[in-house]
Structures are given as C-alpha cells and as structure tokens.
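These are the residues of each chain, in order.
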Amino acid sequence: MTETTPPPPPNARQGSPRTGSATGGGLPAAPLTELDRAPVEARSLPESPTTVERVRAADLHLSDLWLPAVTLDEAALTHNLDRFARWCAERGVDLAPHAKTTMAPGLWSAQLERGAWGLTAATVAQARVMRRFGVPRVLIANEVVEPEQLAWLAEALDDPGFEPLCLVDSAAGVRIMEHALAGAARPLPVLVELGVAGRRTGVRDMDRALDLARTVAASPALTLVGVEAFEGVFPQRRDDDSPDRVRAWLDRLYDFARRADAEGLFDGAAEVIVTAGGSSYPDLVSDALAQPPELSRPIRRIVRSGCYLAHDDLFMERASPLRSAADDDPLRPALSCHARVLSRPEPGRALLGVGKRDVSFDVDLPVPRAILRDGERIPLTDGARVVELNDHHAFLDLSGPAEEALRVGDVVELGLSHACTVFDKWPLIPVLDGDGRVVDAVRTLF
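Only a predicted model underlies this, so the values are computations on that prediction, with no experimental measurement involved.

Examining the overall build of the protein
- Within the protein, the regular secondary structure consists of 13 helices and 18 strands.
- In terms of C-alpha radius of gyration, the protein reaches 23 Å, essentially the compact-globule figure of 22 Å for 446 residues.
- Structurally, the protein occupies a C-alpha span of about 70 × 50 × 40 Å along its principal axes.
- Just so you have it, the protein exposes about 17800 Å², and 49% of that area is on carbon and sulfur atoms.
- Across the protein, the 49 positively charged side chains and the 66 negatively charged ones have centroids separated by 1 Å.

Regarding the sheet that holds strand 3 (residues 119-121)
- Spatially, eight strands are ordered 2-9-8-7-6-5-4-3 in an open sheet, and the strand pairing comes out parallel. Because the sheet does not close on itself, it has two edges, and the strands there are strand 2 (94-95) and strand 3.
- Examined bridge by bridge, strand 8 (residues 272-276) and strand 9 (residues 299-303) share five bridges and lie parallel to one another. For Thr 275, the partnering residue across the bridge sits in strand 9 and is Ile 302.
- In this fold helix 5 (residues 124-132) packs onto strand 3 and strand 4 (137-143), with an angle of close to 145 degrees to the strand it touches most, strand 3.

Considering the packing of helix 5 against helix 6 (residues 147-156)
- Orientation of helix 5 relative to helix 6, taken along the N-to-C sense of each, is 30 degrees, at an axis distance of 10 Å. When the axis of helix 5 is compared with that of helix 6, the two are roughly parallel. When you trace helix 5 past helix 6, the crossing you get is left-handed. In this structure, helix 5 contributes Val 124, Ala 127, Arg 128 and Arg 131 to the contact, and helix 6 contributes Gln 149, Trp 152, Glu 155 and Ala 156.
- Of the residues contributing to the contact of helix 5 with helix 6, the split by class is four nonpolar, one polar and three charged.

Regarding unusual backbone geometry
- Residue Pro 49 is reached from Ser 48 by a cis peptide bond, and omega for that bond is 0 degrees.
- Cis peptide bonds are those with omega within 30 degrees of zero, and the linkage from Leu 67 to Pro 68 qualifies with 5 degrees.
- With phi around 55 degrees, Asp 59 is a residue other than glycine that occupies positive phi space.
- Along the chain, the position of Asp 59 falls in the loop between helix 2 (52-57) and strand 1 (69-73).
- At Asp 374, a residue that is not glycine, the phi angle is positive and equals roughly 55 degrees.

A closer look at the pairing of strand 7 (residues 222-229)
- In terms of burial, strand 7 is largely enclosed, as eight of its eight residues are buried.
- Inspection of the sheet shows strand 6 (residues 188-194) paired to strand 7 by seven bridges, in the parallel sense. If you follow Val 192 over to strand 7, its bridge partner there is Val 227.
- You can see the chain leave strand 6, run along helix 8 (residues 206-217) and come back into strand 7, and the turn it takes is right-handed.
- In this structure, strand 7 lies alongside strand 8, joined through three bridges in parallel fashion. Looking at strand 8, one finds that Val 227 is bridged to Val 274.

Some details on the packing of helix 8 against helix 9 (residues 242-262)
- At a minimum axis separation of 11 Å, helix 8 and helix 9 run at an interaxial angle of 45 degrees. Relative to helix 9, the element helix 8 is oriented oblique. Pair helix 8 / helix 9 crosses with right-handed handedness. Contact residues: helix 8 offers Met 206, Asp 207, Ala 209, Leu 210 and Ala 213, while helix 9 offers Arg 252, Asp 255, Phe 256, Arg 259 and Ala 260.
- The residue inventory of the contact of helix 8 with helix 9, partitioned by class, reads six nonpolar, no polar and four charged.

Some thoughts on helix 5
- Within the span of helix 5, buried status applies to Val 124, Gln 126, Ala 127, Val 129 and Met 130.
- Each element contacted by the buried residues of helix 5 is listed here: helix 4 (105-113), strand 3, strand 4 and helix 6.
- Just downstream of helix 5 lies Gly 134, where phi reads positive at about 90 degrees.

Some remarks on the pairing of strand 11 (residues 349-352)
- Residues Arg 349 and Leu 351 point to one face of strand 11 and Ala 350 and Leu 352 to the other, with burial holding for every one of them.
- Between strand 10 (residues 335-346) and strand 11, which follow one another and run antiparallel, lie two residues, and Gly 348 among them has a positive phi close to 80 degrees.
- In this sheet, strand 15 (residues 394-398) lies alongside strand 11 in antiparallel orientation, the contact comprising four bridges. When the bridges of strand 15 are listed, Arg 349 appears paired with Asp 397.

Quick notes on the pattern of salt bridges
- According to the stated counting rule, one finds 35 salt bridges in the structure shown.
- Close ionic contact of Asp 329 with Arg 83 constitutes a salt bridge, the shortest N to O distance being 3.4 Å. Highlighted residues: Asp 329 in the loop between helix 11 (315-319) and strand 10 and Arg 83 in helix 3 (residues 74-91), separated in sequence by 246 residues.
- The exposure class assigned to Arg 83 is buried, which follows from its relative accessible area of 8%.
- A cluster of three or more residues bridged by salt bridges with shared partners is formed by Arg 83, Arg 86, Asp 327 and Asp 329.

Quick notes on the rules
- Each chain has its residues counted from 1, running along the sequence as written.
- At least 70 in pLDDT is required for a residue's local features to be given in this predicted model, at least 80 for side-chain atom pairs to be given and counted, and no such filter applies to totals for whole chains, interfaces and linings, which use all residues.
- No hydrogens and no water enter the side-chain calculation; it runs on all heavy atoms of the structure.
- The helix count covers DSSP runs of H or I at least four residues long, the strand count covers runs of E at least two residues long, and both are numbered beginning at the N terminus.
- C-alpha atoms define the radius of gyration, and 2.2 Å times the number of residues to the power 0.38 defines the globule rule.
- Method for areas: the Shrake-Rupley scheme with a 1.4 Å probe, in which residue coverage is limited to the protein chains shown.
- In this tally, Lys and Arg are treated as positive and Asp and Glu as negative; His is ignored, and so are the chain termini.
- To locate a charge, take atom NZ for lysine, CZ for arginine, CG for aspartate or CD for glutamate.
- When DSSP finds at least two bridges between two strands, those strands are taken to pair.
- Here a residue-residue contact requires only that any non-hydrogen atoms of the pair lie within 4.5 Å.
- The angle between two axes is taken between their N-to-C directions and runs from 0 to 180 degrees, where each axis is a line fitted to C-alpha atoms and a helix contributes only its stretch in contact.
- Working definition: roughly parallel below 35 degrees, roughly antiparallel above 145 degrees, roughly perpendicular at 65 to 115 degrees, and oblique for all remaining angles.
- Should the near helix be turned counterclockwise from the far one by less than a right angle, the crossing is left-handed, whereas a clockwise turn marks it as right-handed.
- For this classification, Asp, Glu, Lys and Arg are treated as charged, while Ala, Val, Leu, Ile, Met, Phe, Trp, Tyr, Cys and Pro are nonpolar and the rest, including Gly, are polar.
- Think of it in three bands: with a 1.4 Å probe and only protein chains considered, a residue is buried below 20% of the maximum accessible area for its type, exposed above 50%, and partly exposed in between.
- Here the term right-handed applies to a crossover when the path leading from its first strand over the helix to its second strand runs clockwise, the strands being oriented away from the viewer.
- Whenever a carboxyl oxygen of Asp or Glu lies within 4 Å of a side-chain nitrogen of Lys or Arg, that contact is scored as a salt bridge.

Given below as structure tokens:
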C-alpha cells in the first residue's frame, strides 16, 4: 500500500532567517560559529577583512557601507522562508532546496529548521561543503563520474550520519560508479534522471530509462531509490504553452515509478523518491505528484526550489507561483543593490558605480527602485532604466521626472534578477532591518 510522507510541520520554531540554530532541525552550532569568526574580505564593509561576529556588533547602518553594496532584507528573508515552508506543507510535498543558490550555511540551517528534508547540490564539491557543516542528507542532482569525486563519495558512505544520493543517466556512468565504489561501506542511493531531447542530461525515453533502472538494480554498489527530473529546462514563463508542455512531461515520473516498481527494481529502497521542481514551476510539480500510484513501498514527493529564499524583482517575479500577481501572500524580493551616481555626463544619462562584478545580468539587468538622499527614499517608478553594464559601471537612461531628480552623489536602490548569480559575487552580505540597520551578515562559500 502506498503512503505519502508529508514534510515535517513548518515553523515549529521561528529561528533566525540568517543563521538558524542547533535546535529545531538546523545545522550544528559549532561549524556555524567557526564560520562567523573567520575573517573574510568584505568590500562593502568599512572594515575589511572582517567577520560576521564583528559586523553584528558594529552597530552599522546602510549609510556606513562602502558602495556598491548588495544587501539582504531581514523581514523578506523570514517571510520567504516561512511562506514556502507553509506552501510545501499545504501541498503535501517535501522540500530539498537547491543550496547552490546561496552556498550560505547560515541560510541552509534556516531552511532545515523549517522542515527541509535535505539539500540539493549541483556538484560533489558543493556536497562536500554541505557535509562539513553538518547537513545530514544531500541529493547531488547530477551523475558523478569523476574518479576522485567518487572516491570522496565512497569515503562519505562510511559515515552513518551522512546520506548522499546522486543521479544516473547512462549504463556507462553506472559502470564507472560501480568500479569506483567497490568496497564502500554501503551502496550509493541513486535516482534515474529523465531528460528532455535537445537539452541537458537525463535519459530521453522510457524504455532506456527502465533498462538503466534494471542495470542499477543489478549493481552491488548502487541502490535504485527513485526517479528525478528538472522541468526548468523548458522556458520558464507563464504566458505561452510552456506550462502545458511541463505538465505533459512530468507525467513520466509516476509512469516510470509504476513500471520500475512492478519489476521489483526498488527492492533495496525503504521508499521511492519522486522529485522535480525548480523555483519556476513547483506548483506544476506538486500538481503532477498529487495523486501517487499504488506502489510496494511509500512514496516521498520532493520539490527542489532554491531561489524562493531571496525571490527577486524580475525573473522569479514573472515565473514563481508565489509571485505578487498570482498569490495573496507572495514571496518578496530580499536582495537589493545600492550604488552611487558617479556621473551625469550628458542629458538623459547617469552612470552608477556598479557593474557585472557586483550584480546579476544573465537574465535581466537591474531595475531602479528609488533614490536615497538625506534619509529620504524617493521612488523611481518611471523614467529610469538600466540599459547596459560594464564591469564596474551601470548605464542608466533617464527621462521625465527622473531626469530632473537624479544628482551626482545620490544613492540608487536597485532591484535584482536571478539570485543564483548575485550570491556568488559576495562572500559577505549585510542583512538590514526595516530601518536600514545592519543586524547581521550572511557568509557565502562559492
């Protein structure tokens, strides 16, 4: 009989949105404390190198930061952590957030505190960092064929307190893994990855997926525990037929699970993991997994959204099911950049002291929100647009009231797009409260 396993209740403890704690399911305190005390170059802080501990004690304000500065909003972080945990609980799915978004152990701890089943990594190197900070379970969302990385996995399987999992998408990959993992303390749990023709990794058709599952089931070094897919390879937008294409493709997950279970291919598994879900379509994933089939063992349904934690002003705000246009309690942009107006060299143009080395530009350019001047916040709703980024300059086109309003020396608050390529540029990110006070800092480990 099939039983679905719901996620742990969210918000049993309202921990810090930045660093979590050793209680309530977060990470062990010792490695987090060590990280908080480790000096790091912090280009937006008045003292550098500095530590998270010193930043917390320094009584700084936004106005004290060296610009450009990327900051996190404390209230938005807390809201997003809690809101998505509730959303997953309401939908009856577990969460294994893609932790590459932040590579921030303090934020991982906060996600685990709120009931995350484990974390997702893209690489073994990321999984190694997660294990060092006490993450108990990591799903590596790739097939691993690097010999030295497989040697690390073989050693990690000796640790009863750590559960690594990864994907398989070829018999050749299985053979490489079998050779490297021979003699490991226990088999490595793996999931067959289903892919999309013309896109990235994953088995392209059901017959090949089942053949691969049979190969895994016969391996003494591996245990088949489930099936995985990433629907983010489809266009991540809601205004065309992309959602319909995603829905049709996601139906393959349970089809595979039924057929593999009928052949007894999950016999080494305590439960069957069925997982998909980036940050754009977790609703379509949870809908597709809402009616699990009758299998010989319980099914664990997992979404792997990561960008929800910071959300953003553009990319996720267009695509997320918890965007402001689609939900009464939406996710909130938690990342901002503050940059100084360096020059007004000609009419209709301002140059800001921020560029590609500081903010994301792979999906959208930053969006001007407001001018900060003499303690006043002046909204920039119309007539200001970032049109180009150099390494350290932003080209801001101005018209109408914005043309008259902006002066050299003003600070411009910018909204950002695609959190994954913002966090990786800043080893230390100040956290601001609603009054602009620096109340904490987040360390990243890219």
